[in-house]
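Descriptive analysis of the structure
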Amino acid sequence: MSSAGELLSIEPDGVFGEGVLSTELYSITVDPKNNTLYVADSSSKSISAFNLANNNKELKDKKIKGIGPLGLAIFKDILYAADWGSNSIRAFDLAGNKELEDKKIEGITPYGLAIFKDILYAGDEEDSSIRAFDLADNNKKLKDKKIKGLIEPYDLAIHKGRLYITDSAAFKDAEGGPVSSSGGIRRYKLKFKEQEKSIK
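Counting restarts for each chain: residues are numbered from 1 in the order of the written sequence. With the structure being a predicted model, the display of local features is reserved for residues of pLDDT at least 70 and the display and counting of side-chain atom pairs for 80 or more, all residues being used for whole-chain, interface and lining totals. Only hydrogens and water are removed before side-chain values are computed, so all heavy atoms of the structure are retained for them.

1. Examining the environment of Leu 120
Helix numbers and strand numbers start at the N terminus; a helix is a DSSP run of H or I with at least 4 residues, a strand a run of E with at least 2. Summarising the element assignment, Leu 120 is placed in strand β11 (residues 119-124). A relative accessible area of 0% means that Leu 120 is categorised as buried. As a C-alpha pair, Leu 120 and Ile 74 span 46 residues in sequence and 9.9 Å in three-dimensional space. Dropping the residues within four chain positions of it, Leu 120 is found in contact with Tyr 80, Ile 89, Ile 105, Leu 113, Ala 114, Ile 115, Arg 131, Ala 132, Phe 133 and Leu 135. For every residue, the accessible area obtained with a 1.4 Å probe (protein chains only) is divided by the maximum for its type, and the residue is called buried under 20%, exposed over 50%, and partly exposed between those limits. Two residues qualify as a contact provided that any one of their heavy atoms is within 4.5 Å of a heavy atom in the partner residue.

So, in structure tokens, the structure goes:
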């Protein structure tokens, strides 16, 4: 049983975003500090924001326009957005909603994003890889941490020191080619210098 207690049920609790969001919604993330939910809306080329502490009201002044967003991630009051159309990961200051050009990461066709221990991991569709960037060191590209050999790494998640990646061609047939009928989840251990062993 979790520290929050036994889960008794999961019940519908409303729907919001009607008239604001389109039908191509690829990612959501929450800024817990400000009780704000951000939604990547690819069709309308924008990121919408909603105040979770005020009846899920749309925050029009927080809306980010002119972007084709897919993955979203938040790190130290900065919203990172995978902008497939511009081949970049763009960064926005959550306080002032201003784009931070000096934190923009270019030269990548990004999909999913995940952050762990100051490292931003991003799925790169064109390169069929996962790229890693050190957010604490001016978004330095960590070439030795690149994960190669993927086919379509669309989304990422991190749990207890392990990186999980969706890959539509994770399994191989007898000839070494991708099995077209089944995708899979690839898993990688994340190991850091201060650890004697991988996180368990």
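2. Quick word on the sheet that holds strand β12 (residues 129-134)
Here, strands pair whenever DSSP counts at least two bridges between them. The four strands are arranged β10-β11-β12-β13 in an open sheet whose pairing can be described as antiparallel. For this open sheet the edge positions go to β10 (110-116) and β13 (140-141), each flanked by a neighbour on one side alone. Sheet topology places β12 next to β13; two bridges connect them, and they run antiparallel. Along β13, the bridge assignment pairs Phe 133 with Lys 141.

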